[in-house]
Amino acid sequence: MPDHPFSDAPVPPAAFLARIDQLGPWLPDDPALPPVGLAVSGGGDSLCLAWLARHWRKHLLAFVVDHGLRPESAEEARLTVQRLEAMGVPARLLMLSGLTKGPGIAERARQARYAILAQACREAGCLDLLLGHQADDQVETIRMRQESGSGPDGLAGMGWVTARPDVRLVRPLLGFSRQALRNTLRQAGLVWVDDPSNEDLRATRVQVRHDLQEHDTRQTLWKIGIEAGTARMQRDAARAESLARRVSLRPEGWACLGPELPDAEILSGLIRAVGGLIYPPPPAAVARLLTAGQDATLAGVHLVRWRAEWFLVREVAAMSA
């Protein structure tokens, strides 16, 4: 992570290229190969992502999602597709249906958006999807996790790269501020769409955003994220070393754990891997599994003991055809 991400200065394409080179590997920029996907809402962050990515490579494909929650959304999505094509980025419009306003709308919309984006990436063959999350989003996430009592891993914030079952999510703008991205567009003579829901103080994230502007603690939260991320990487390295010594993964898709069960964090990661889960199982459930020390099932994965050794095997019902 950059040490000082909150400059308002426009982002030069060279700075973006230096960052994204660190987040590979990438397929060659060849029209015969699948494109790199972009999630573009039309707002300042994602539109700037498209403009910067266009300086990186030609073979891109933007996905514009219309949530259908506001009367203006269809026209804004159509306008965003036009703006992308004007800058040389082909775009596809994705329509969501069935979303209704009410409790939990932000989370429901997010889940629906990721689902339709993953499907679009599968259909287009995209291995990577670039997202427009930036430094202010990161510190807002860290503050929200602080207030919810998140553990140390959660305080690391969003990852620069997140591997999902269908696509790799990449966030190359995490080192640049919201204002810097908008200033980049202004310098390029480009305009963007402002979603009024981003100013709705009934939303927790918007409340946090206004609080951070008032108290200017962004740099402190950024440092917390760096420290938590560094500690997480160190713990991951220690876990990997322990796994290499004690655990073997069979080609059949199950894991041999040896005569003793590993600690809770390692067992959680193994259950997630064997079960093909996006998120790890609940910590309390893993703790109960260890305390019981007997055959059990959690999150679609069987923990079984056979010939004095422990194994993790995906439950038959959790397998697709």
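Residues numbered from 1 in each chain as written. Predicted model: local features only at pLDDT ≥ 70, side-chain atom pairs only at ≥ 80, totals over all residues. Heavy atoms only, no water.

*Asks:* It is not clear to me how the sheet that holds strand β4 (residues 128-130) should be interpreted in this structure. Could you clarify?
*Replies:* Strand pairing in a sheet is mediated by backbone hydrogen bonds. Such pairs are either parallel or antiparallel. If you walk across this open sheet you meet the six strands as β3-β2-β1-β4-β6-β5, and the pairing is mixed. Single-partner strands in this sheet number two, and they are β3 (91-95) and β5 (161-163). The sheet shows a mean angle of 25 degrees between the axes of neighbouring strands, taken without regard to direction. Of the pairings in the sheet, the one linking strand β2 (residues 60-66) to β3 comprises five bridges and is parallel in character. Looking across to β3, one finds that Ala-62 is bridged to Ala-91. Strands in contact with helix α2 (residues 44-54) are β1 (36-39), β2 and β4; relative to β1, the strand with the most contacts, it is inclined by about 155 degrees. Contacts from helix α4 (residues 105-124) reach β1, β2, β3, β4 and β6 (168-170), with the element oriented near 150 degrees to β2. (Pairing = 2+ DSSP bridges. Helix = DSSP H or I, 4+ residues; strand = E, 2+ residues; numbered from the N terminus. Axes fitted to C-alpha atoms, helices over the stretch in contact; angles between N-to-C directions. Contact = heavy atoms within 4.5 Å.)

*Asks:* Would you mind going over the sheet that holds strand β11 (residues 309-314) with me for this structure?
*Replies:* Ordered by their spatial adjacency, five strands build an open sheet running β7-β8-β11-β10-β9, and the pairing between neighbours is antiparallel. The sheet terminates laterally at β7 (248-249) and β9 (296-298), the two strands that pair on one side only. Here six bridges tie strand β10 (residues 301-306) to β11, and the two strands are oriented antiparallel to one another. Looking across to β11, one finds that Leu-303 is bridged to Leu-312. Most of the contacts of helix α9 (residues 264-275) go to β11, to which it runs at about 40 degrees, and overall it touches β7, β8 (255-258), β9, β10 and β11.

*Asks:* Is there a simple way to explain the environment of Glu-140 in this structure?
*Replies:* Along the chain, the position of Glu-140 falls in helix α5 (residues 135-147). Under the relative-accessibility criterion, Glu-140 is labelled buried at 2%. Distance from Glu-140 to Thr-204, taken between C-alpha atoms, is 9.9 Å for residues 64 residues apart in sequence. Setting aside chain neighbours within four positions, we find Glu-140 in contact with Arg-178, Arg-205, Val-208, Arg-209 and Leu-212. There is a polar contact of 3.0 Å between the side chain of Glu-140 and the side chain of Arg-209. (Buried < 20%, exposed > 50% of the residue type's maximum accessible area, 1.4 Å probe, protein only. Polar contact = N/O pair within 3.5 Å; in protein donor to acceptor, adjacent residues only side chain to side chain.)

Read these as layout, nothing more, since geometry by itself doesn't imply function.
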